Amino acid sequence: RPAAPPAPVCILVDSRCIGNGAELISSLRRSAGATVHVCSLDGGYFIVSGRMAAERHSQSDLAAMQNRKRLAERVNGLLGSFERVCLIVEKDRTKPGEASRPPQRTRCYDSTLTALVRAGARLLWSDGAEQTAGLLVELARLEQRKGQGITVPLEVKGQHRQQALQLYLSLPSVNYVHALSMSHNFRSIGHLVNSSVEAIEKGGCMSRARAEEIYRFLRYSCDSVFMNTSKAGKTS
Amino acid sequence: METKAVLNAVPPYGHVFATEKWRNSPLIQSLKGGGVRILFEDELGLADFHLPNKSCVLYVSECDVVAGNGYKRKLVRYRNTSSHGFQELVLVEKTRLSEQYFGAMQKLVVFDLGLTLLPVGGQAEASQLIAQIGLTLTVPPSQVHGVGRENPFRRRTSSRLLDPLVLALVQHVPGVGRVKALALLERFSSIQQLCNAAPAQLEPIVGQAAAQQIHGFFHKDTAAGT
């Protein structure tokens, strides 16, 4: 009996990717093996599994010193809510008629690459939007084979459930897939709040460490002194 | 030769271990030109270089890529036999000639073997990158306490202050703004306590209507199929 074709993989795309990544999104949509779901994440990245996020950057992005701080913040943010973070480095587009010549390899570029590797980010290399789409699908497929694919329903219907999803997203270190899983697997917010670490781990489809962090956070006793001194409403 | 122990030592700061075959290469010349000291070692296993920050490098030249197959077996063995605790890097020459094989190469190195692949244009670029990996990000002993050398991409593990995060979460309850959230957390200091408070306990703080609404929000069904 021939093996059944693998179930299409699911890729979540931040709505912010649409503006500057129209070509990539349409390549993704064309690819038969993937369903694309656009949602509002907190940055221009893709989610290919419950534990892996991917972001695309142009080579010149990585080579520019002035981008370094912002890039570091973004990668750090992603490393906080995903076990695996992948950067797809895309070759810069050449204008028609312009001779394609490789950009001068700068010291800043090398040191940014090195720092990313040391921080545990995975790097992939792409020649353009079409190839990037292929790499994203490939990543999602690999994660699916490892049992990490996105299987939770993506629709969250009704105002109350939408509000609950937003609340789950404000938990520390929780990504969109965890929040979706929680909103589908817990009867109510109160049910999550009073759940054991094991139940959070299972219901949120997340690692033990992350479940423990949430468990502790829900029981964390605030001190009004610290709440008043901080102007930051939402930092994650 | 297979039984020889692979050298596990990390070269001292400013030094790179290289295998003999690189002795007269442009890469080594250019590393030397950049002030890197080279120690030749033939016990590096399959790696071509060992760098001071505990990474090792396997170099796949344009020639290897174009000739095919041989390097694949080598990569697999590199992954399986490498020294314990080393970060394994694979430098691949991506040139006009080898470009067409790059996709397959990436699939093998990154997807199948889980190693880190860094494309370089040739030995000159490689030496620049190796110098960067091996030297600038390793803190020389004299600068151990210096600042500015730390990796900006390394996630800081120090704990964040949770209080503002709790406050922000409570403000996701409909009808609760900053003022009410502060008042509620003054009385019920954790999310769990607040969630489990009866409407009658919430009422003196936010009034009857809001008390019902908050309690309802925490306990209303959200599960699928309802």
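The text that follows walks through the structure, step by step, so that each part is easy to find. All figures in this text were calculated on a predicted structure; none of them were measured in a lab. (Residues numbered from 1 in each chain as written. Chains lettered and ligands numbered in written order. Predicted model: local features only at pLDDT ≥ 70, side-chain atom pairs only at ≥ 80, totals over all residues. Heavy atoms only, no water.)

## Some points on the side chain of H37 of chain A
Here comes step 1: For H37 of chain A, the position within the fold is in strand β2 (residues 34–39).
Here comes step 2: Not counting residues within four places of it along the chain, the set of residues in contact with H37 of chain A comprises I11, L12, V13, L154 and E155 of chain A. (Helix = DSSP H or I, 4+ residues; strand = E, 2+ residues; numbered from the N terminus. Contact = heavy atoms within 4.5 Å.)

## Some remarks on the environment of G149 of chain A
Residue and element names in this part refer to chain A.
Here comes step 1: Within the fold, G149 resides in the loop between α6 (129–145) and α7 (159–169).
Here comes step 2: The exposure class of G149 is partly exposed, given its relative accessible area of 23%.
Here comes step 3: A sequence separation of 24 residues divides G149 from S173, and the C-alpha atoms of the two residues are 19 Å apart. (Buried < 20%, exposed > 50% of the residue type's maximum accessible area, 1.4 Å probe, protein only.)

## Some points on the interface of chain B and chain A
Here comes step 1: At the junction of the two partners, chain B supplies 60 residues and chain A supplies 66 residues.
Here comes step 2: For the pairing of chain B and chain A, the buried interface totals around 5,900 Å² over both sides, and the portion due to carbon and sulfur atoms is 58%.
Here comes step 3: When the area that chain B buries against chain A is broken down by residue, the three leading residues are F111, F153 and T222 of chain B, summing to 15%.
Here comes step 4: Inspection of the chain B/chain A interface yields three salt bridges.
Here comes step 5: In this structure, K94 of chain B engages D127 of chain A in a salt bridge whose closest nitrogen and oxygen atoms are separated by 3.1 Å.
Here comes step 6: In this structure, the connection of chain B to chain A is made through 24 residue pairs in polar contact (both at pLDDT 80 or more).
Here comes step 7: Those elements that provide at least two residues to the side of chain B that touches chain A are β5 (87–93), α4 (102–112), β6 (116–120), α5 (123–136), α6 (163–170), α7 (178–187), α8 (191–195) and α10 (208–219) of chain B.
Here comes step 8: By residue number, the principal contributor to the side of chain B that touches chain A is α6 of chain B, which donates seven residues. (Buried area = accessible area lost by both parts, 1.4 Å probe. Salt bridge = Lys/Arg side-chain N within 4 Å of Asp/Glu carboxyl O. Polar contact = N/O pair within 3.5 Å; in protein donor to acceptor, adjacent residues only side chain to side chain.)

## Concerning the pattern of salt bridges
All names here are of chain A.
Here comes step 1: Evaluation of the coordinates by the stated rule reveals 18 salt bridges over all chains.
Here comes step 2: Of the charged contacts, one joins R30 and E130 as a salt bridge, the two residues approaching to 3.5 Å between their closest N and O atoms. With R30 in helix α2 (residues 22–30) and E130 in helix α6, this residue pair connects regions lying 100 residues apart in the sequence.
Here comes step 3: With relative accessibility at 54%, the residue E130 sits in the exposed group.
Here comes step 4: Put simply, R74 and E55 hold a salt bridge, and the shortest N to O gap is 2.1 Å.

## Details of helix α11 (residues 208–219) of chain A
Given 3.6 residues per helical turn, the α-helix brings residues three or four places apart onto the same face.
Here comes step 1: Between its terminal C-alpha atoms α11 of chain A stretches 17 Å, which fits the 16 Å expected from twelve residues at 1.5 Å a residue.
Here comes step 2: Among the residues making up α11 of chain A, those that are buried are R210, A211, I214, F217 and L218 of chain A. Axial view of α11 of chain A: buried residues confined to an arc of 125°, hence all on one face. Opposite the buried face of α11 of chain A, by more than 90 degrees, sit the exposed residues A209 and R216 of chain A.
Here comes step 3: Against α4 (68–81), α8 (176–185), α9 (189–193) and α10 (197–203) of chain A together with α6 and α8 of chain B lie the buried residues of α11 of chain A. (Expected span 1.5 Å × (residues − 1). Arc of directions from axis to C-beta.)

## Quick look at the nonpolar core
Here comes step 1: I11, Y168 and L171 of chain A together with F49 of chain B are the most contacted members of the largest nonpolar core, which totals 144 residues.
Here comes step 2: In terms of residues, this core owes the most to one element, α6 of chain A, which gives eight residues.
Here comes step 3: Formed jointly, this core draws a minimum of three residues from each of two domains, domain 1 (1–140) and domain 2 (171–226) of chain B.
Here comes step 4: Excluding residues within four positions of it along the chain, I11 of chain A makes contact with L28, A34, T35, V36, H37, F46, I47, V48, L136, V137 and A140 of chain A. (Core = buried A, V, L, I, M, F, W, Y, C linked by side-chain atoms within 4.5 Å. Domains from an automatic or database assignment.)

## Section: the pairing of β5 of chain B
All names here are of chain B.
Here comes step 1: For β5, the buried fraction is high: six of the seven residues fall into the buried class.
Here comes step 2: Sheet topology places strand β4 (residues 55–60) next to β5; six bridges connect them, and they run parallel. Directly across from S55, in β5, lies its bridge partner Q87.
Here comes step 3: Pairing between β5 and β6: five bridges, direction parallel. Pairing of L91 across the sheet is with L118, part of β6.
Here comes step 4: In this fold, the crossover linking β5 to β6 by way of α4 has right-handed handedness. (Pairing = 2+ DSSP bridges. Right-handed = clockwise from strand over helix to strand, strands pointing away.)

## Focus: the packing of α6 of chain B against α7 of chain B
Residues and elements named next belong to chain B.
Here comes step 1: Relative to each other, α6 and α7 sit at 120°, their axes nearing to 9 Å. The angle between α6 and α7 places the two elements in the oblique class. In this structure, α6 meets α7 at a crossing whose hand is right-handed. In this structure, α6 uses V166, L167 and V170 to contact α7, whose residues at the interface are R178, A181, L182 and L185.
Here comes step 2: Looking at side-chain class alone, the contact of α6 with α7 contains six nonpolar, no polar and one charged residues. (Axes fitted to C-alpha atoms, helices over the stretch in contact; angles between N-to-C directions. Parallel < 35°, antiparallel > 145°, perpendicular 65-115°, else oblique. Left-handed = near helix turned anticlockwise from the far one by under 90°. Nonpolar A, V, L, I, M, F, W, Y, C, P; charged D, E, K, R; others polar.)

## Some details on the packing of aromatic side chains
Here comes step 1: The tally for this structure, following the rule as stated, stands at four aromatic pairs over all chains.
Here comes step 2: For the pair Y45 of chain A and F82 of chain A, a centre-to-centre distance of 5.9 Å together with 80° between the ring planes defines the contact as edge-to-face. Linking Y45 of chain A in the loop between β2 and β3 (46–49) with F82 of chain A in the loop between α4 and β5 (84–90), this pair joins segments that are 37 residues apart in sequence.
Here comes step 3: Judged by relative accessible area, Y45 of chain A falls into the buried class, the value being 6%.
Here comes step 4: Residue class for F82 of chain A comes out buried when judged on its relative accessible area of 1%.
Here comes step 5: Members of the aromatic cluster, each reached through a chain of ring pairs, are W22, F49 and Y59 of chain B.
Here comes step 6: When the ring centre of F102 of chain B is taken as origin, the NZ or CZ atom of K94 of chain B, which lies over that ring, is 4.6 Å away.
Here comes step 7: Between the NZ or CZ atom of R187 of chain B and the centre of the ring of F188 of chain B, over which it lies, the distance is 4.5 Å. (Phe/Tyr/Trp six-rings, centres within 6.5 Å; stacked < 30°, edge-to-face > 60°. Lys NZ or Arg CZ within 6 Å of the ring centre and 35° of its normal.)

## A look at the sheet that holds β5 of chain A
Residue and element names in this part refer to chain A.
Here comes step 1: Spatially, the six strands line up as an open sheet ordered β2-β1-β3-β4-β5-β6, and their pairing is mixed. The sheet is open, and its two edges are formed by β2 and β6 (122–126), each paired on a single side. Here the strands of the sheet are splayed against their neighbours by 25° on average, with no regard to which way each runs.
Here comes step 2: Contacts from α6 reach β1 (9–14), β2, β3, β4 (52–58), β5 and β6 within the one sheet, and its direction differs from that of β1 by about 125°.

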